[in-house]
Amino acid sequence: MVGLWGEGSRNRTVWTATLLASTMLTGVSATFAAEAAAPAGDNTIGEIIVTAQKREESLQKVPASVQALGTQQLQQLHVQNFNDYVKFLPSVSFQTTAPGQTNVYMRGVAADNQSNHSGSQPSVGTYLDEQPITTIGGALDVHVYDIARVEALSGPQGTLYGASSEAGTIKIVTNKPELGKFSAAYDVEANQVDHGGVGGSAEGYVNVPLGDKMAIRLVGWDEHDAGYIDNVYGTRNFVSTGITVNNAAYIKKNYNKTDIYGGRAALKIELNQNWTVTPTIIAQDEHNTGIFGYDPSVGDLKVQHFRPEGQHDRWYQAALTVQGKIGDYDLVYSGGHMDRRLSSQSDYTDYSYLYDKGFGYAAYFMNNAHHNIDPTQWIIGNDHFTKESHEIRISSPANRPVHFVMGAFYQDQRHFIIQNYLVNDLSTGPSGLSVTGWPGTLWLTDQLRVDRDFAFFNETTFDLTDKLSVTGGIRFYKSVNQLEGFYGFSANFSSHTGEAKCEGRPPIIAGSPCTNLNKTIRDNGETHKINITYKLDSDKLIYATYSTGFRPGGVNRNGSLPPYDPDYLSNYEIGWKTSWLDKSLNFNGALFWEDWKNFQFSYLGLNSLTVIANAGNARILGAESQVSWRATHDLTISGSASYTNAELQENFCGGQTCSATNPIQAPKGTQLPVTPKFKANVTARYQFDLASFRAHLQGSVVAQTSSWSDLLTQAPIPPTPSIYAPVRSALGKQQGYATADFSGGVERDNWSLELSILNAFDTRAQMYRYAECTIQICGQEPYIVPNRPRTISIRFGQKF
């Protein structure tokens, strides 16, 4: 398996090289930016067009809190993936354990640190063009190249975007094929990561007209990210049996390498003046090894793990968009089918070791000869996601005094789940500890999850005067959540879950031993929005919005627990969009008050089994702002910031009534996890002539204050639920940080060259703190997911 960067398929190398060669052999000039460029000598900030309200509008004319990063800005900020662009979106926070394993939150609407396959739906929706790409395990980690813009829509977007946009929406909008115009570009990069290895990337696109009425756009990328975490030698002694194990077979430097390759193809067909059809397909293959968190008790950027680790994430999405006019009305149909397969291996030694240390669990693990064995666990996961979505909408001309967007939406998501917890040489057969039909499997999850959504929506704007507008929106929805299959131990290991609870029911899911889970919950309701906008003049507006968001309830797979109910978000917001100094300065912002009612909270209960409860109410107060200033034609300064204060409004006692036997696990006033109170960034870019070159220097600083990764201050220890142990203090606080990026480069004719130093001072930011199992047990050995260490890169590109 030899690829462009040392790993991958031969076909991948040939395919990528062919695409890049096609871009280099052309000689036609092209423009590359999505933003409208200002003429020479003009200090006007270029206009960015967004589709936040399901129609194309200038960002400065949208009466909502929307931040957009256009093509030029994405390139200048060295954005290639989610972690890169989210730094510059202060209303967005996240938790991640590996690429493609990221949970996204906005405006502090975050309660838990679990992304379990049987857990709640996300509260932030992610869209690729017109199609939702959110899954329970996290949104797709789309490689960012030849992207028109990334839009972040803060606050509930439930009227136009539905259930998974309770707290906000992120949209990744691709560049579309251009009719009658040939263009192409490629970029190659090499980089060195401090404490790690060498990485690089190759990217390219080509836009080819096919006659007067058709054009095709092809995009390709191949990226190797160097590792920087080392798996070092260590031993574990299981006190109940005296068995000692070591990880000599798995020692490796720069353990967490990632290889990504993929492509996108879009065909635009202009049927006539009014109708266009655009089929698109995008596919990506991402393979990483190792783990992306380190154990501070072992050392900086070091772990001691004892079993194979890594994941292989491959997906594709096929989409079709049809746009046309019926009289003066615009009609849009968009449909998509996504298929994602995620294979993973995870070390679970901490669970085995710490449960043995506390409760002597290792003594129970025997082979068929009834001898104690190495009880070290590891997990093999196979997740298969499919998502089918359809939306049709019609909108009236925006220049009419009354104009609307209305439509219908349908979505079907399916998640086939296998989580296989293995112990080598575990006893099998009628008296064995292995799950029936699964030799060596201590615990098995073999389930199918189905989530369906149906919705009708309408948003209508009344222009009462030239300056005053009122908008009302409503969305009626129905949802279905179904979970079926098997989870648990063999009957010889546990009488509380697994085969002991099947009660003779045959397997619904092929390959599982039997069925102990078959639950469905249905929900329906509506969400709404009211907005009042007043235009102070042609360059300034203020607005006030009341909007609501929702997240459907669902099934608790533990048969003794009831379903969890929907949660709801009410948003009260005032904001402004303003341009000053002949449009050389934009100053936008919003103040908001959000009440999160009956919010869903997931935590690990007995046997580290995820439980979802409705935790009560929370209140979130905050502000967010963005500034862009073109001080001169050559100097641009931009920045954004957010302040978020999110707190519990009542005591949380594990989803039950608080009492002496059920004490408070998170008291009223507890700060919600994940989101820092303050987050900000600023970027300055100066361009100048240098001999015969056009040169630039750029610097960016990103900073945020500390945050917690879990809501609970204490929780019961699973084997002894009457005894409580600390959670937050055991796991530790994610410390605040500031990082800096610097770059400089030159360009001439159609080529450019740039040198960059990212994370220039090698700041070890704590992106996420987590434990391998129940925090009350494993919290004494937390892991820290850091940002990438200092990276020095050189990048060369050409446009044709």
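Below is a summary of the structure that appears in this document. (Residues numbered from 1 in each chain as written. Predicted model: local features only at pLDDT ≥ 70, side-chain atom pairs only at ≥ 80, totals over all residues. Heavy atoms only, no water.)

**Observations regarding the overall build of the chain**
Each helix and strand counted, the chain has 7 helices and 41 strands in total. Taken over the C-alpha trace, the chain has a radius of gyration of 27 Å; the compact-globule value for 800 residues is 28 Å, and the two agree within 12%. In terms of overall dimensions, the chain has C-alpha extents of about 80 × 55 × 45 Å along its principal axes. For the chain, with 800 residues in total, the buried portion stands at 58%. (Helix = DSSP H or I, 4+ residues; strand = E, 2+ residues; numbered from the N terminus. Rg over C-alpha atoms; globule rule 2.2 N^0.38 Å. Buried < 20%, exposed > 50% of the residue type's maximum accessible area, 1.4 Å probe, protein only.)

**Observations regarding the pattern of salt bridges**
In total, this model carries 40 salt bridges according to the counting rule given. The salt bridge involving Arg264 is made with Asp146; its shortest N-O contact spans 3.1 Å. Of this pair, Arg264 sits in strand 16 (residues 258-270) while Asp146 sits in the loop between strand 7 (131-132) and strand 8 (147-154); the two residues are 118 residues apart in sequence, bridging distant segments of the chain. Note on accessibility: Arg264 and Asp146 belong to one class, buried. Asp328 serves as the salt-bridge partner of Arg400, at 2.9 Å between the closest nitrogen and oxygen. Taken together, the residues Arg400 in the loop between strand 21 (377-395) and strand 22 (402-423) and Asp328 in the loop between strand 19 (310-326) and strand 20 (329-347) connect sequence positions 72 residues apart. (Salt bridge = Lys/Arg side-chain N within 4 Å of Asp/Glu carboxyl O.)

**Observations concerning helix 5 (residues 349-359)**
The buried fraction of helix 5 is high, at 8 of 11 residues. Thr349, Asp350, Tyr351, Ser352, Tyr353, Leu354, Tyr355 and Asp356 are the residues of helix 5 that are buried. Gly360 sits one or two positions beyond helix 5 and adopts a positive phi of about 70 degrees.

**What about the pairing of strand 31 (residues 618-630)?**
Judged from the 12 bridges that link them, strand 28 (residues 585-597) and strand 31 form a sheet pairing that is antiparallel. Paired with Phe587 across the strands is Val627, a residue of strand 31. Inspection of the sheet shows strand 31 paired to strand 32 (residues 635-648) by 13 bridges, in the antiparallel sense. Bridged to Gly622 within strand 32 is Thr644. Hairpin connection, strand 31 to strand 32: the antiparallel pair is bridged by 4 residues. (Pairing = 2+ DSSP bridges.)

**Here's the deal with a nonpolar patch on the surface**
Together, Phe742, Leu753, Leu755, Ile757, Phe761, Ile792 and Ile794 give the surface a local cluster of nonpolar side chains, amounting to about 620 Å² of exposed area. At the level of secondary structure, the elements contributing two or more residues to the nonpolar patch comprise strand 38 (751-758) and strand 41 (791-799). Examining the composition of the nonpolar patch, we find that 3 residues originate from one element, strand 38, more than from any other. Along the chain, Ile757 turns up in strand 38. (Patch = residues over 30% accessible without salt bridge, like charges linked within 9 Å, V, L, I, M, F, W, Y side chains within 5 Å. Areas by Shrake-Rupley, 256 points an atom, 1.4 Å probe, with all protein chains shown as cover.)

**Observations concerning the environment of Ala646**
For Ala646, the location among the structural elements is in strand 32. We classify Ala646 as buried; its relative accessible area is 3%. Along the sequence, Ala646 and Val245 sit 401 residues apart, while their C-alpha atoms lie 45 Å from each other. Aside from chain neighbours lying at most four places away, what touches Ala646 is Gly108, Arg619, Ile620, Thr670, Gln671 and Leu672. (Contact = heavy atoms within 4.5 Å.)

**Some details on the nonpolar core**
If you look at the biggest cluster of nonpolar residues, it comprises 93 residues, and the most contacted ones within it are Tyr85, Ile170, Trp596, Phe599, Phe601 and Phe652. Ranked by the residues each element gives to this core, the list is headed by helix 5, at 4 residues. When residues no more than four places from it in sequence are discounted, the contact partners of Trp596 are Val109, Ala110, Ala111, Glu166, Arg551, Asp567, Tyr568, Leu569, Gly616, Asn617, Ala618 and Leu672. (Core = buried A, V, L, I, M, F, W, Y, C linked by side-chain atoms within 4.5 Å.)

**Focus on the side chain of Arg107**
Secondary-structure assignment places Arg107 in the loop between strand 5 (101-106) and strand 6 (124-128). Of the polar contacts made by the side chain of Arg107, one reaches the side chain of Asn571; its length is 3.2 Å. Beyond its immediate stretch of four places on either side in the chain, Arg107 contacts Ser65, Ser91, Ser154, Gly155, Asn571, Glu573, Ala590, Phe592, Glu594, Ile620, Glu624 and Thr644. (Polar contact = N/O pair within 3.5 Å; in protein donor to acceptor, adjacent residues only side chain to side chain.)

**What to know about the environment of Thr169**
Secondary-structure assignment places Thr169 in strand 9 (residues 168-174). Judged by its relative accessible area of 0%, Thr169 falls in the buried class. Put simply, Thr169 and Val104 are 65 residues apart on the chain and 9.8 Å apart in space, counted from C-alpha to C-alpha. Sequence-distant contacts of Thr169, defined by excluding residues within four places in its chain, comprise Met106, Val124, Gly125, Tyr127, Glu151, Ala152, Leu153, Gln157 and Tyr161. Only 2.7 Å separates the side chain of Thr169 from the side chain of Ser165, close enough to count as a polar contact.

**Observations concerning the packing of aromatic side chains**
Under the criterion given, the structure shown has 30 aromatic pairs. Between the aromatic rings of Tyr348 and Tyr421, the centroid separation amounts to 5.4 Å while the plane-to-plane angle is 70 degrees, which identifies the pairing as edge-to-face. On the criterion of sequence distance, the pair formed by Tyr348 in the loop between strand 20 and helix 5 and Tyr421 in strand 22 is long-range, its members being 73 residues apart. Comparing Tyr348 with Tyr421 shows no difference in burial state: the two are buried. Ring geometry for Tyr410 and Phe454: centres 5.2 Å apart, planes at 45 degrees, overall tilted. Here the residue Tyr410 occupies a position in strand 22, and Phe454 occupies one in strand 23 (residues 441-463), the gap between them amounting to 44 residues. (Phe/Tyr/Trp six-rings, centres within 6.5 Å; stacked < 30°, edge-to-face > 60°.)

**Focus on the sheet that holds strand 7**
To summarise the sheet geometry, strands pair through backbone hydrogen bonds and adopt either a parallel or an antiparallel arrangement. Within the open sheet, the 5 strands sit side by side as 3-8-9-6-7. Their pairing is mixed. Each edge of the open sheet carries a strand with a single partner, namely strand 3 (66-70) and strand 7. The sheet contact formed by strand 8 and strand 9 spans 7 bridges and is antiparallel. Each bridged residue has a counterpart across the sheet, and for Ser154 the counterpart in strand 9 is Gly168.

**Observations regarding unusual backbone geometry**
Positive phi outside glycine occurs at Leu301, with the angle close to 60 degrees. For Leu301, the position within the fold is in the loop between strand 17 (276-289) and strand 18 (302-303).

**Some thoughts on the state of the cysteines**
By definition, a disulfide is the covalent link that joins the sulfur atoms of two cysteine residues. Summed over the entire model, instances satisfying the criterion amount to 2 disulfides. Paired by a disulfide, Cys502 and Cys514 hold their sulfur atoms 1.9 Å apart. Handedness here is read from the sign of the S-S torsion; for Cys502 and Cys514, about 65 degrees, the answer is right-handed. Pair noted here: Cys502 is in the loop between strand 24 (468-488) and strand 25 (517-537) and Cys514 is in the loop between strand 24 and strand 25, with a separation of 12 residues, a long-range link. The exposure class assigned to Cys502 is buried, which follows from its relative accessible area of 2%. (Disulfide = S-S within 2.5 Å.)

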